[in-house]
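# Chains, contacts and geometry: an overview
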Amino acid sequence: MPGFSFAAMSELNERLTDLHARFERALEVASDERSLEAARAQYLGRSGDLAAIRRSIGRLPSDERPTAGKEINDAVAAMEELLERRRVKVASHAVEEALSRRVDVTFPAPEARLGSTHPIRHVIEDACTYFERRGFAVVLGPEVEPDYYNFDALNIPPEHPAREGFDSFWIDETLLLRPHTSPMQIRTMQNHRPPIAIIAPGKCYRRDAVDARHHFQFHQLEGLLVAEGVHFGHLKGMLAGLCRVLLGAHQSVRFRPSFFPFTEPSAEVDTTCPKCGGSATACSMCGGSGWIELGGAGMVHANVLREVGYDPQRLSGWAFGFGAERIALARYDVDDIRRFIDSDPDFLEQLA
Ligand SMILES: [Zn+2]
C-alpha cells in the first residue's frame, strides 16, 4: 500500500483493524498452500501492506512511536497466528481429500484375474474321465503313509534294495511322504472285494535333485484292475487308448521288459513322441529316440494279492503308474518341469 500514512494512533488502530479483517477474508478463500503463501506475501511480506504501515511510524510524534511499534507487532502476531491456523486447516483438508480419493467406491476397479485350470490338473482330469467311462473309480489317499503301505505290502520287505531306489522323505522310523500312489492299491483291495478297478491320482515325493526333468514333488497317475481273467493285453489296450486321449489320435505304446517288486512281469511304458511323431530326427522332446517314457506297469505280483487276502490262483490284475508331469511336458511341449510350479499366470493361461 504505497503512500499509506497516518497522523495519529487512532488512525493506526483503524488501519490495523481493517488490515486484519482483509487478511482474514483473504485466508478464508485461500484453499491451498500456494494461495496462503500469496496472501502472506501481500499482507505480511517485506514489501507488503503491514511493512508499509510500519514505515509510516516515523510520521508520528516521537513519544507515540514505541506504543505504535507494539501495536503493529501485536497485529503481526495475531495475523501470523491466523495464518498458521488456516494452514493446518488447509493441510488436513488436503489429506482428507486424498483419503477420500483413495476409497472412491465409484472408481472403476481393475479387471480381476481369475486364474485358470492348471495343466497338470487338465492331464489328471482327462485321464480320470477316460478311466471313469470304462468303469473305474477315482480314489484319493493320504500323502503321508506308513512304510507298510508304501513298501511291505507291495512286496518290498525292509531289507529289500528297492526301498533305497525310492529316495524317500522319512517323517520318522516308519512314516514317510509317499513316493508313489501305490499305497492306495493296498488300501482299496483290503477294504473291497474284487473285482477292483481304480485310478489313483495324487502328489508324490522323492528326494530327486531338481532339474528340467525332475522334481522332489510330482503327480502320479496310478491304475489298478484286479478280476478273474485279466491279462497283459487288457493293460496294453487301455494304455494305448489313454495315450491317444491325452496326446493325440496317432499315439502308440511300447513295453520294455523291466523289474518292479510289486509286478511280475514288469515293463517300462513308452509312447511315441508327439512332437516328432516318432520320426526322431534331432527332436528336442525325445532326444532323437522317437519315444517318451511315461512310467512303469505290469501284472500285480502274487505276493501283493496274497497280502490283501486275494487268491492269486483265481484272480489276476494289472497296475501302472505314470508321471502326470511327464505327460504334461509332452502334451504341451514344455521344456522345463519347474515351469509347472513357478506360478507364472502368463505361462499357465497359455496352456489353459
Ligand atoms: Zn521326438
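Whatever comes next refers back to the structure up there.
Residues numbered from 1 in each chain as written. Predicted model: local features only at pLDDT ≥ 70, side-chain atom pairs only at ≥ 80, totals over all residues.

Along its length, the protein chain carries 12 helices and 10 strands. The globule rule puts the C-alpha radius of gyration for 352 residues at 20 Å, and the 43 Å found for the protein chain is more than 25% above it. Each of the three principal axes of the protein chain carries a C-alpha extent, and together these read 135 × 50 × 35 Å. Per-residue burial over the protein chain gives 31% buried out of 352 residues. Across the protein chain, contacts joining residues at least 24 apart in sequence account for 67% of those joining residues at least 6 apart. (Helix = DSSP H or I, 4+ residues; strand = E, 2+ residues; numbered from the N terminus. Rg over C-alpha atoms; globule rule 2.2 N^0.38 Å. Buried ≥ 20, exposed ≤ 12 C-beta atoms within 10 Å, placed from the backbone. Contact = placed C-beta atoms within 7 Å.)

Turning next to helix 9 (residues 232-247). With 16 residues, helix 9 ought to run about 22 Å at 1.5 Å a step, and its terminal C-alpha atoms sit 22 Å apart, in line with that. Listing the buried residues of helix 9 in full gives Leu235, Met238, Leu239, Leu242, Cys243, Leu246 and Leu247. For helix 9, the angular spread of the buried residues around the axis is 135°, confining them to a single face. Exposed and oriented more than 90 degrees from the buried face of helix 9 are Gly233 and Gly237. The inward-facing, buried residues of helix 9 abut helix 5 (119-132), strand 7 (253-260), strand 8 (263-272), strand 9 (291-300), strand 10 (316-323) and helix 11 (324-332). Positive backbone phi, approximately 140°, marks Gly248, located one or two places after helix 9. (Expected span 1.5 Å × (residues − 1). Arc of directions from axis to C-beta.)

Further remarks concern the nonpolar core. Judged by nonpolar contacts, the single largest core of 52 residues is most densely connected at Ala127, Val226, Leu239, Ala297, Trp318, Phe320 and Ile327. The element contributing the most residues to this core is helix 9, with 7 residues. The contacts of Phe320, once residues within four sequence positions are left out, are Glu222, Gly223, Leu235, Leu239, Val269, Gly295, Gly296 and Ala297. Among the nonpolar cores identified, the runner-up in size contains 16 residues, and Leu16, Leu19, Leu27 and Tyr43 belong to it. (Core = buried A, V, L, I, M, F, W, Y, C linked by C-beta atoms within 7 Å.)

The next subject is unusual backbone geometry. Here the residue pair Pro194 and Pro195 is connected by a cis peptide bond, since its omega of 5° sits within 30 degrees of zero. By the secondary structure assignment, Pro195 is in the loop between helix 8 (183-191) and strand 5 (196-205). The step from Glu264 to Pro265 runs through a cis peptide bond, and the omega angle for that step is 0°. The topology assignment puts Pro265 in strand 8. Here Asn155, not a glycine, exhibits a phi torsion of approximately 70°, which is positive. Locating Asn155 in the fold gives a position in the loop between helix 6 (147-150) and helix 7 (162-165). Overall, the presence of 21 C-beta atoms within 10 Å leaves Asn155 in the buried class. Even without being a glycine, Ser343 presents a positive backbone phi close to 60°. By C-beta crowding, Ser343 is classed as exposed, having 10 other C-beta atoms within 10 Å.

Quick look at the environment of Glu14 now. Position of Glu14 among the secondary structure elements: in helix 1 (residues 9-29). Linking Glu14 and Ser182, residues 168 residues apart in sequence, is a C-alpha distance of 101 Å.

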